[in-house]
Amino acid sequence: VFKEELVAIFEGRYKVDFKVYRLDNPVNIASLQTTLNEIYAQPEHDLVVVLDLPANQLGGLLPSYPKPTFLPLVISAQAQGFPLSDRSSGTDNLSYLTREFDFLQELQSFQSVAIFDRAAFIVDPVVRQSLDNKLIDQAIRDAERLGVNLTFIELDGSSAELLDKLPEDIDTAIIGAFPSVS
């Protein structure tokens, strides 16, 4: 979808080329910086769009951006400590799209339609590892404020594996992001 939109926006004015770069798994800040530096060093690239979900969670924490860099898949930039100034990054060459959300409010809404006090948050391990631990800790504290025991479960395999990982006393499951599942 992003590729089609970028081509449509720049068609006739700019050349749009897409090149795939591989990142370490799991993505870490050092490997992301190394890959971006490689891209920035290439004169044929004027703009960098990062489409890897975990890399988007780390991309706003880099010290600088030599070329315009766009992160369209950021989960709660403010909670992760991304730069923010007057509704923009306030950082040269950094733009991002984010969905800010209040986990406490989301959980309260869920509890208004389902009664539970033990929840499993099932998430892709790559996504989980790319989120700042402060964000995870805050989600657990928010759940505790509502009397909910929240357990994070990383799942990168089958539904049978999930059944083995789920504690027997779980009342409900919250399904997180799974970018590798199509």
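Residues numbered from 1 in each chain as written. Predicted model: local features only at pLDDT ≥ 70, side-chain atom pairs only at ≥ 80, totals over all residues. Heavy atoms only, no water.

Asker: Can you explain the nonpolar core? Please cite residues and give values.
Answerer: As a rule of thumb, nonpolar side chains are buried together in soluble globular proteins. Formed by 17 residues in total, the largest nonpolar core has its most connected members in L32, L36, L71 and Y96. Those elements that place two or more of their residues in this core are α2 (29–40), α3 (53–59), β2 (69–75) and β3 (94–99). Here this core gets four residues from one element, more than from any other, and that element is α2. The residues touching Y96, leaving out its near neighbours within four places in the chain, are F70, L71, V74, A77, F82, P83, L84 and S89. If you look at the next biggest cluster of nonpolar residues, it comprises 16 residues, including F116, A119, F121 and A139. (Core = buried A, V, L, I, M, F, W, Y, C linked by side-chain atoms within 4.5 Å. Buried < 20%, exposed > 50% of the residue type's maximum accessible area, 1.4 Å probe, protein only. Helix = DSSP H or I, 4+ residues; strand = E, 2+ residues; numbered from the N terminus. Contact = heavy atoms within 4.5 Å.)

Asker: For the pattern of salt bridges, give the residues involved together with the corresponding values.
Answerer: Evaluated as defined, the whole model comprises four salt bridges. Two residues, D117 and R118, come together in a salt bridge whose shortest N-O distance is 2.6 Å. The partner of D169 in a salt bridge is R118, and the shortest N-O contact between them spans 3.8 Å. Highlighted residues: D169 in the loop between α8 (159–165) and β6 (172–175) and R118 in strand β4 (residues 118–123), separated in sequence by 51 residues. Among the residues examined, D169 registers a relative accessible area of 42% and is labelled partly exposed. Note on R118: relative accessible area 27%, which makes it partly exposed. Members of the salt-bridge network, linked through shared partners, are D117, R118, D169 and D171. (Salt bridge = Lys/Arg side-chain N within 4 Å of Asp/Glu carboxyl O.)

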